[in-house]
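Structural characterization, general
Below, each chain spelled out in residue letters.
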Amino acid sequence: MLLNIDDACLQKISNNSNNYFQLNQQIKKDGSKRDCYNLREPLKNIHKKIKNKITSKVVFPDYIQGSIKGRSNITNAKLHEGSKTIIQLDIKNFFPSIASRHIYNLWRYFFNFSDEVAKLLTNIITLNGQFIQGSPLSSDIANLIFWDKEQKLIGYLTNLNLVYSRYVDDMNISSKEKIPKNLKTTIIKKVDAMLKVKGLKLKHSKTEIANENNQMLVTGLVVNEDIKVSQNYIDSTYKEIKNNSNVNSIKGKINYIKQTMPKKAINIEKALSKLYGAGKQ
């Protein structure tokens, strides 16, 4: 009734849900492949309805920052502004490593649906027992998957005056003071333990510990003092202007820079105007 779909129709789609997923591989920045999926109708519409009627009603705590209205990589970085130490962690192979049993527990014990409903919803949004990337529900499920474990970690970190945030699978823990080496190890172990309960692992090759003596980046923004875009980002924008790249792309980058560095954005806009002014002559 909530989804406005006939019971028998919904059950039939659930029983054959695997037939509605279409693989759409994408190439990541490091050259490796990411398995994303396009959803065929009517399953895509059902996922949208589940999002609109159920998961979008969740009020998320401030430490969850990814894919939530009013939050962004900028608001995420703002939480860690002016830190002296930042521990950056990444979850390995996040989406496909979320097993169906954890999706079921989410429906059953967080949303308090019946066993029958929890099983049906789990089947509808998973492929061969795993969660997928590409569904309208992908970000919501990612944000909710630690619903019963993350708060305990937050309590531990808060008692140490540490700030935690998660931007989908990217986790940052920061301090306004230097973090002792032994405590850094303990913190990483605590996070790793939380992940293991959900069948997940840290991607150790992406684990980084930065301090105020070096550039500290959180979701692409420098947070050593006031948040700002990196010099590399500014240089790449000037390079696009010099190479006569797509104007809309350049303007998009300028607008992004403007959010944290308005004066710098004005200078870049002047450079863009000069180039196109010269071109008209």
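The notes below deal with the structure included here. Predicted model only: the values in this text are computed from it and were never measured.

Analysis parameters
Residues numbered from 1 in each chain as written. Predicted model: local features only at pLDDT ≥ 70, side-chain atom pairs only at ≥ 80, totals over all residues. Heavy atoms only, no water. Helix = DSSP H or I, 4+ residues; strand = E, 2+ residues; numbered from the N terminus. Buried < 20%, exposed > 50% of the residue type's maximum accessible area, 1.4 Å probe, protein only. Polar contact = N/O pair within 3.5 Å; in protein donor to acceptor, adjacent residues only side chain to side chain. Contact = heavy atoms within 4.5 Å. Salt bridge = Lys/Arg side-chain N within 4 Å of Asp/Glu carboxyl O. Expected span 1.5 Å × (residues − 1). Arc of directions from axis to C-beta. Pairing = 2+ DSSP bridges. Phe/Tyr/Trp six-rings, centres within 6.5 Å; stacked < 30°, edge-to-face > 60°. Lys NZ or Arg CZ within 6 Å of the ring centre and 35° of its normal.

**Topic: the side chain of T55**
Positionally, T55 belongs in the loop between α2 (43–53) and α3 (73–78). What makes T55 buried here is its relative accessible area of 0%. A polar contact is formed between the side chain of T55 and the side chain of D140, at a distance of 2.7 Å. Once residues within four sequence positions are removed from consideration, T55 is found in contact with I50, W107, F111, L137 and D140.

**A closer look at the pattern of salt bridges**
This structure, assessed with the given rule, holds 9 salt bridges. D140 is the partner of K51 in a salt bridge, and the nearest nitrogen-oxygen pair spans 2.9 Å. Taken as a pair, K51 in helix α2 and D140 in helix α6 (residues 138–144) lie far apart in primary sequence, 89 residues in all. For K51, a relative accessible area of 25% gives the class partly exposed. Ionic pairing is found between D62 and R71, a salt bridge with its closest N-O pair at 3.9 Å.

**A closer look at helix α8 (residues 181–197)**
In this model, α8 (17 residues) spans 25 Å end to end at C-alpha, consistent with the 24 Å of a helix rising 1.5 Å per residue. Among the residues of α8, I187, I188, V191, D192, M194 and L195 are the ones counted as buried. Along the axis of α8, the buried positions cluster into a sector of 155 degrees, meaning they face one direction only. More than 90 degrees from the buried face of α8, the exposed residues found are N182, K189 and K196.

**Examining the pairing of strand β7 (residues 170–175)**
Extensive coverage of β7 is indicated by the burial of 5 of its 6 residues. Bridging between strand β3 (residues 85–90) and β7 involves 6 bridges; their strand directions are antiparallel. In the sheet register, L89 faces β7, and the bridge partner there is M171. The pairing of strand β6 (residues 163–167) with β7 spans 5 bridges and is classified as antiparallel. Bridge pairing in β7 places Y164 opposite I173. Connecting β6 to the next strand, β7, in antiparallel fashion are 2 residues, including V168 with a positive phi near 65 degrees.

**Side note on the sheet that holds strand β10 (residues 221–222)**
Read from one edge of the open sheet, 3 strands run β9-β10-β11, paired in antiparallel fashion. Edge positions in the sheet fall to β9 (217–218) and β11 (228–229), since each of these pairs with one other strand and no more.

**Let's talk about unusual backbone geometry**
Most of the time, phi is negative for any residue but glycine, and the peptide bond is trans. Residue P42 is bonded to the preceding E41 through a cis peptide linkage, with omega at 10 degrees. Tracing the backbone shows P42 in the loop between β2 (33–39) and α2. Phi angles above zero are rare outside glycine, and N128 is one such case at about 55 degrees. With respect to the helices and strands, the residue N128 is situated in the loop between β4 (126–127) and β5 (130–131).

**Quick look at the packing of aromatic side chains**
One pass over the structure, following the stated rule, counts 11 aromatic pairs. Judged by centre distance (5.4 Å) and plane angle (55 degrees), the rings of F94 and F95 are tilted. Of the two residues, F94 and F95, both sit in the buried class. An aromatic cluster of three or more residues is present, and its members are W107, F110, F111, F113 and W147. Here K190 stacks its cationic end above the ring of Y156, 4.7 Å away from the centre of that ring.

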